[in-house]
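# Reading the structure
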Amino acid sequence: MPSSDLKNDRPPSETGGLSRRSLIGRAAALGLAGPAFIAGAGAQTGSGKATPKAAPEPAEPLPEPRALVAGPGTNRLKPEPAAETPIWTFDGKASLPVIRAKLGDTVRLRVENKTDKPLSLHWHGVRNQNAMDGVGGVTQPPIAPGADFTYSFVPPDAGTFLIRPLVVGGSSEPSGRGLAGALIVEETSPPSLDQDLALLMQDWRLEENGALMPFGQAAFAAASGRLGNLVTINGRPVPEAVEVRPGSRIRLRLGNVCNARGTRIRFEGAKVYVVAVDGQPTDTFEPLRATLPFPPGTRYDLMLDMPAEAGASVSVNALVGNGLVLATLTAKGQPVTEKRPPIAPVGENKLLPAEVKLQNAIRRDIAITGGAKLDKDKPNAEPAYSGDPNRVWAINGITGASGIAPSFTVKRGQVVVLAIRNDTAFPQALHVHGHAFRLLHPLDDGWEPYWLDTFQLLEGRTARIAFKADNPGRWVIGSTVLERFDTGLWTSFEVT
């Protein structure tokens, strides 16, 4: 696994704290209200037994769900004279939706499928009810063209989460055509800020004329996935330019909703502090060398204070090629003169265990195999694959498909340790549904001080993760590179 990615630096006012080791293997709509629905959670009661003295109070009715319509649209991804690109959108808007809710609110959305392909939406990172997890072919039947499905759930955690299409055998196309978004669940007592901005990175595989390259290419699925040749933030070609007040305190919520592209991101122009990883709060720290790994499905919550000088700028850069500016924040307008305390943690999630007790854990091995082969004697040659285009990848020898049995079953409350081995020629970005896990040190003598639900495992390496299986249902462990997911790189486990 790679060397240290994250640094043991706190803001200058803080002292003490955890020893920072590496976050091993981890390589929105700016100012946009987006299609948002926030509903206060109604208290629901069971029917119980009625008695002459006290009849049970009726459950408070849930509000009508807000419609979220997935359908055809267009987006200007290339400048004229190229034509606008036919894409899929939510509610007819090329900008990506950001759904905002307060912790404890009920999220209710009726997803209407106006595309010509089956669809379901995964709420990536939400420790959800199983029936609402949004994996078509596993936790629900896919939403057929012309049909709809209502997602209704109360997110248990505050944080930044993603909306990604996820259908067994059919995830890459709706994602590659543009369907993505974010769910932001705000803390009960959020930190004092001047702006809270979401940045969602996508990339697009385009032909010269601006049209999308055809989908379903086995060569992509068997190698690095559908890597785009144009990058957008929140649905718009980079860089995204935002004006903020000099001296203002900003919260950036970064999410990678690319089909396949992982990168590293770097910050320039101000000190940036991480306050949450994959939606879960952490002790505040400054990234090592101002960079962070950013595979698909990853999220970071960051806080920064803008420089006080008008015209000063802060940039978020992807380390792609010679470098790519994703977004710029430029100080403009009336300066913020309010005195604030130093940037500090946003709190803790007391629903997660203070420690993961490994002594009596159930231990399972997971081996990832398949994909194209690389000729070490010809480093410039393209990866070669000649097998079944629908069964490119396997976990423990089994290609993921609807109807396969779970890899293992555990009782609710059991601690699970998974040793995941990457026997392929490519890094693998993986996501555990319904749970947050700790990335263990090689000798099980501790863990990284972050809760995760997504991480990247380099080729030829093994990583061990540990989590408390406290969420009943059947849960997927799968690739966040969606062409790989579509061609078998996933398995599942069941919590009873």
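Predicted model, so just to flag it, every value in this text is computed and none were measured. (Residues numbered from 1 in each chain as written. Predicted model: local features only at pLDDT ≥ 70, side-chain atom pairs only at ≥ 80, totals over all residues. Heavy atoms only, no water.)

## Side note on the overall build of the protein
Counting secondary structure elements, the protein contains 3 helices and 30 strands. Here the protein holds 496 residues, and 55% of them are scored as buried. Accessible surface for the protein amounts to roughly 20,400 Å². Of this, 51% is attributable to carbon and sulfur atoms. (Helix = DSSP H or I, 4+ residues; strand = E, 2+ residues; numbered from the N terminus. Buried < 20%, exposed > 50% of the residue type's maximum accessible area, 1.4 Å probe, protein only. Areas by Shrake-Rupley, 256 points an atom, 1.4 Å probe, with all protein chains shown as cover.)

## As for the packing of aromatic side chains
What the rule picks out here adds up to 10 aromatic pairs. Ring geometry for Phe-437 against Phe-455: centres 5.7 Å apart, planes inclined by 75°, an arrangement best described as edge-to-face. With a gap of 18 residues between them, Phe-437 in the loop between β25 (428–432) and β26 (438–439) and Phe-455 in strand β27 (residues 454–457) connect regions that are remote in the sequence. Like Phe-437, the residue Phe-455 is buried in the burial classification. With 5.5 Å between their ring centres and 45° between their planes, Phe-467 and Phe-493 make a pair best called tilted. In this pair, Phe-467 sits in strand β28 (residues 462–469) while Phe-493 sits in strand β30 (residues 490–495), placing the two residues 26 residues apart along the sequence. By relative accessible area, which is 0% here, Phe-467 ends up buried. (Phe/Tyr/Trp six-rings, centres within 6.5 Å; stacked < 30°, edge-to-face > 60°.)

## Some remarks on the side chain of Asn-113
You can see Asn-113 is positioned in strand β4 (residues 107–113). Polar side-chain contacts of Asn-113 include one of 2.8 Å to the backbone oxygen of Lys-117. Once residues lying within four places of it in the same chain are set aside, the contact partners of Asn-113 are Ala-70, Pro-118, Leu-119, Ile-143, Ala-144, Pro-145, Gly-146 and Ala-147. (Polar contact = N/O pair within 3.5 Å; in protein donor to acceptor, adjacent residues only side chain to side chain. Contact = heavy atoms within 4.5 Å.)

## What to know about the environment of Asn-471
Relative to the assigned elements, Asn-471 resides in the loop between β28 and β29 (473–479). With a relative accessible area of 12%, Asn-471 lands in the buried category. Residues Asn-471 and Asn-130, spaced 341 residues apart in sequence, show a C-alpha to C-alpha distance of 8.0 Å. From its side chain, Asn-471 meets the backbone oxygen of Gly-434 in a polar contact 3.1 Å long.

## Things to note about the pattern of salt bridges
For the structure shown, the criterion picks out 22 salt bridges. The residue Glu-268 makes a salt bridge to Arg-266 at a minimum N-O spacing of 3.4 Å. The class for Glu-268 is partly exposed, based on a relative accessible area of 38%. For Arg-340, the salt bridge identified is with Glu-338, shortest N-O distance 3.8 Å. Several salt bridges converge on common partners, so that one network encompasses Arg-100, Lys-102, Glu-186, Glu-187, Asp-196, Arg-251, Arg-253 and Asp-301. (Salt bridge = Lys/Arg side-chain N within 4 Å of Asp/Glu carboxyl O.)

## A few points about the nonpolar core
One finds Leu-252, Leu-254, Leu-302, Leu-329, Leu-418, Ile-420 and Phe-455 to be the most contacted residues of the largest nonpolar core, which totals 62 residues. When near neighbours in sequence (up to four residues on either side) are disregarded, Leu-254 contacts Leu-199, Ile-265, Phe-267, Phe-294, Thr-298, Arg-299, Tyr-300, Leu-302 and Val-316. Residues Ala-70, Phe-161, Ile-163 and Leu-183 belong to the second largest nonpolar core, which totals 23 residues. (Core = buried A, V, L, I, M, F, W, Y, C linked by side-chain atoms within 4.5 Å.)

## Topic: the confidence of the model for the protein
In the predicted model, the protein carries a mean pLDDT of 89, and 88% of its residues have values of at least 70. This model gives residues 1–53 a pLDDT under 50, and the stretch forms 164 contacts once residues within four places in sequence are excluded. (pLDDT = per-residue confidence, 0-100.)

## So, the sheet that holds strand β12 (residues 240–244)
The sheet built from 5 strands is open, its strands ordered β12-β20-β19-β14-β17 with mixed pairing. The open sheet has two edge strands with one neighbour each: β12 and β17 (291–294). Each strand of the sheet is rotated relative to its neighbour by a mean of 20°, with strand direction disregarded. With 4 bridges joining them, strand β14 (residues 263–268) and strand β19 (residues 313–318) adopt antiparallel strand pairing. Following the sheet pairing, Arg-266 is matched in β19 by Asn-317. (Pairing = 2+ DSSP bridges. Axes fitted to C-alpha atoms, helices over the stretch in contact; angles between N-to-C directions.)

## Overview of the pairing of β17
Burial along β17 is two-sided: the residues Thr-291 and Pro-293 and Leu-292 and Phe-294 are all buried. Two strands pair when backbone bridges link them, and β14 and β17 are joined in this way by 4 bridges, in the antiparallel orientation. Residue pairing across strands places Arg-264 opposite Pro-293, the latter belonging to β17.

## Some points on the sheet that holds strand β2 (residues 85–90)
Within the open sheet, the 4 strands sit side by side as β2-β1-β4-β6. Their pairing is mixed. Each of the sheet's edge strands pairs with one partner strand only, and the pair in question is β2 and β6 (148–153). The average undirected angle you get between the axes of adjacent strands in this sheet is 25°.

## Some words on the pairing of β28
As paired elements, strand β24 (residues 414–422) and β28 share 8 bridges and run antiparallel to each other. Paired with Gln-414 across the bridge in β28 is Ala-469.

## A few points about unusual backbone geometry
The omega torsion of the bond from Glu-80 to Pro-81 falls at 15°, within 30 degrees of zero and hence cis. As for its position among the elements, Pro-81 is in the loop between β1 (66–75) and β2. Geometrically, the link from Val-238 to Pro-239 is a cis peptide bond, its omega value of 0° lying close to zero. Looking at the secondary structure, you find Pro-239 in the loop between β11 (236–237) and β12. One non-glycine residue, Asp-278, lies in the positive phi region at around 50°. The phi angle at Arg-289 is positive, at roughly 55°, despite the residue not being glycine.

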